[in-house]
Amino acid sequence: MNILVTGGAGFIGSHIVEALQADHNVVIIDNINDYYNPEFKKENLALLRPEKFYQVDVTDSTALTEIFKDHKFDLIIHLAARAGVRSSLLEPDLYAKVNLLGTTNLAKLAMEYNVNRFIFGSTSAVYGDTTTVPFSEDVNVNEPISPYAATKRAAELMLYTNHHLHNIQTTILRFFTVYGERGRPDMAPYLFTEKILKEKEIIKFGDGNTSRDYTYIADIVQGVKAAVENPFPYEIINLGNNEPISLNDFIATVEKVTGKTAIIKQVGMQPGDVHQTYANIDKAKKLLNFKPTTSLEEGLNKFASWYQNNRI
Ligand SMILES: NC(=O)c1ccc[n+]([C@@H]2O[C@H](COP(=O)([O-])OP(=O)(O)OC[C@H]3O[C@@H](n4cnc5c(N)ncnc54)[C@H](O)[C@@H]3O)[C@@H](O)[C@H]2O)c1
């Protein structure tokens with residue numbers, strides 16, 4: 001297939017491109033913004049062999065149209081987004097522009113250029129503070145608690161409309177706290193590993209009883225590959241590990257894999273942060289044969305050795 005991956009220079013995108021390019025022609029769009037060090041994204045690109053890379057912003061519909069004129073895509077995997085919960089509180093307008101307008105631009109071009117398939121990287125953040133666990137795809141997600149979550153949910157809704165009106169086969173994948181090699185430097189797995197290795201203080205938000213369903217990147221890639229191989233008219237599917245870990249246990253695991261003791265400064269919970277994430281993955285098992293196999297300790301071990309070889 002000819003596949004367009006937006007956000008392909010980023011963390012998850014670069015792993016997905018790497019996995020797909022053996023069997024498919026992959027084109028990447030990424031604006032290489034400075035939300036975190038753009039050099040990391042350039043390094044990711046250098047590892048890949050995309051058929052073509054375009055440094056283009058998904059909010060720029062004119063530039064996007066030129067790309068669609070030059071390529072006949074069979075599938076769009078849309079991952080380009082502003083992805084941090086906390087920074088979304090400061091720049092909700094930017095998040096709305098990139099996450100909703102950017103998605104709408106791609107949905108419109110899919111319709112105009114007969115791209116019949118769309119896969120969207122959504123997030124567990126859409127579940128907000130849902131208390132019914134594990135989170136199932138069929139619960140109401142109408143109370144997002146951060147602009148990030150609200151804009152990703154809005155994008156999901158726009159893609160449903162696009163499917164309804166234009167029959168575009170659409171799979172929405174809700175990722176749960178993804179970590180691993182080339183991981184995002186603003187996320188806890190990276191931040192805590194870095195600080196603990198360097199014997200610097202880490203900031204713990206809350207009492208440590210919040211929990212996250214940390215999911216190792218290779219497991220996510222398996223799920224995305226299965227979604228590429230199995231089109232559906234329209235589905236929302238969780239990709240998580242189905243094993244929430246408290247922040248305290250998470251820190252203890254980072255201490256174990258680095259062999260160092262964390263210096264912890266505890267502060268209050270951050271507005272916008274959910275108390276827990278916990279994926280029900282029955283649907284992913286049934287539709288995608290999804291089976292995450294990497295324990296947190298195993299995944300963090302791989303991440304910590306990658307970090308020591310590539311970032312120190
Ligand atoms: N990492 C996670 O735990 C996680 C969890 C749930 C959902 N997601 C979603 O997965 C996707 C990828 O996230 P990631 O963690 O790899 O983040 P990332 O920031 O590493 O990757 C996103 C990429 O998109 C690019 N991008 C951002 N705005 C753009 C724009 N306007 N035009 C073109 N490119 C743009 C960035 O430069 C970056 O390379 C995002 O849609 C995110 O919302 C990630």
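Remember, it's a predicted structure, so these values are computed and weren't measured experimentally.

Visitor: Any chance you could explain the pattern of salt bridges here in plain terms?
Guide: Side chains that differ in charge, positive against negative, can pair when their charged atoms come close. Counting across every chain of the model gives 13 salt bridges. Lys108 serves as the salt-bridge partner of Glu112, at 3.7 Å between the closest nitrogen and oxygen. Of this pair, Glu112 and Lys108 are both found in helix H5 (residues 92-112), four residues apart, which corresponds to roughly one turn of the helix. For Glu156, the salt bridge is made with Arg153, and the minimal N-O distance between the two is 2.7 Å. Residue Glu156 and its partner Arg153 are both found in helix H6 (residues 147-166); the two are separated by three residues, about one turn of the helix. For the residue pair Glu156 and Arg153, the accessibility class agrees, reading buried in each case. Linked by salt bridges that have partners in common, Arg153, Glu156 and Arg174 make up one network.

Visitor: Would you take a moment to explain the pairing of strand S4 (residues 75-78) for this structure?
Guide: Side chains Leu75 and Ile77 project from S4 onto one buried face, and the interleaved Ile76 and His78 project onto a second face that is buried too. Here four bridges tie S4 to strand S5 (residues 117-123), and the two strands are oriented parallel to one another. Looking at S5, one finds that Leu75 is bridged to Arg117.

Visitor: Where do I start with the nonpolar core in this structure?
Guide: Soluble globular proteins tend to pack their nonpolar side chains together in the buried interior. Ile77, Leu173, Phe175, Leu239, Phe250 and Leu288 are the most contacted members of the largest nonpolar core, which has 63 residues in total. Here this core gathers at least three residues from each of two domains, domain 1 (2-179 + 215-242 + 281-288) and domain 2 (188-211 + 243-276 + 296-310). In contact with Ile77, other than residues within four places in its own chain, are Ile3, Leu4, Val5, Thr6, Ile16, Leu20, Ile119 and Val228. Among the nonpolar cores identified, the runner-up in size contains 26 residues, and Leu64, Ala110, Phe120 and Ile168 belong to it.

Visitor: Can you walk me through the site of the ligand in this structure?
Guide: Not every one of the 29 residues close to the ligand is listed here, only the nearest: Asp30, Tyr36, Tyr148, Lys152 and Val178. At a separation of 2.9 Å, a nitrogen atom of the ligand approaches a polar backbone atom of Val58. About the coverage of the ligand: the protein hides 97% of its 820 Å² of free accessible area. Elements supplying a minimum of two residues to the shell around the ligand: helix H1 (11-20), S5 and H6. Counting residues per element, the shell around the ligand draws most heavily on S5, at three residues. Taken together, the residues of the shell around the ligand sort by class into 16 nonpolar, eight polar and five charged.

Visitor: Could you clarify how one ought to interpret the environment of Tyr35 in this entry?
Guide: Its location among the elements puts Tyr35 in the loop between strand S2 (25-29) and helix H2 (38-47). Expressed as a C-alpha distance, the spacing of Tyr35 and Leu173, which sit 138 residues apart in the sequence, is 23 Å. Sequence-distant contacts of Tyr35, defined by excluding residues within four places in its chain, comprise Arg82, Gly84, Ser87, Tyr95, Arg184 and Asp186. A polar atom in the side chain of Tyr35 sits 2.5 Å from the side chain of Asp186.

Visitor: Honestly, the packing of aromatic side chains in this entry has me stumped. Any pointers?
Guide: Given two aromatic rings, their pairing is described by the distance between the two centres and the angle made by the two planes. Under the definition given, this model contains 16 aromatic pairs. Aromatic pair Tyr190 and Phe303: ring centres 5.8 Å apart, planes at 50°, arrangement tilted. Linking Tyr190 in helix H7 (residues 188-197) with Phe303 in helix H11 (residues 296-310), this pair joins segments that are 113 residues apart in sequence. We note that Tyr190, like Phe303, is buried. A network of ring pairs unites the aromatic residues Tyr179, Phe192, Tyr214, Tyr216 and Phe250 as a single cluster.

Visitor: Help me out: how do you make sense of the sheet that holds S2 in this one?
Guide: Whenever strands of a sheet pair, they do so through backbone hydrogen bonds, lying parallel or antiparallel. Read from one edge of the open sheet, seven strands run S3-S2-S1-S4-S5-S6-S11, paired in parallel fashion. Looking along the sheet, the strands with just one partner apiece sit at the ends: strand S3 (52-54) and strand S11 (234-239). Each strand of the sheet is rotated relative to its neighbour by a mean of 15°, with strand direction disregarded. Across seven bridges, S5 lies against strand S6 (residues 169-175) in parallel orientation. Directly across from Phe118, in S6, lies its bridge partner Thr170. Here H5 sits on the sheet and contacts strand S1 (2-6), S4 and S5; the angle it forms with S4, its principal contact strand, is near 175°.

Quick notes on the rules
- Residues numbered from 1 in each chain as written.
- Predicted model: local features only at pLDDT ≥ 70, side-chain atom pairs only at ≥ 80, totals over all residues.
- Heavy atoms only, no water.
- Salt bridge = Lys/Arg side-chain N within 4 Å of Asp/Glu carboxyl O.
- Helix = DSSP H or I, 4+ residues; strand = E, 2+ residues; numbered from the N terminus.
- Buried < 20%, exposed > 50% of the residue type's maximum accessible area, 1.4 Å probe, protein only.
- Pairing = 2+ DSSP bridges.
- Core = buried A, V, L, I, M, F, W, Y, C linked by side-chain atoms within 4.5 Å.
- Domains from an automatic or database assignment.
- Contact = heavy atoms within 4.5 Å.
- Near = heavy atom within 4 Å.
- Polar contact = N/O pair within 3.5 Å; in protein donor to acceptor, adjacent residues only side chain to side chain.
- Areas by Shrake-Rupley, 256 points an atom, 1.4 Å probe, with all protein chains shown as cover.
- Nonpolar A, V, L, I, M, F, W, Y, C, P; charged D, E, K, R; others polar.
- Phe/Tyr/Trp six-rings, centres within 6.5 Å; stacked < 30°, edge-to-face > 60°.
- Axes fitted to C-alpha atoms, helices over the stretch in contact; angles between N-to-C directions.

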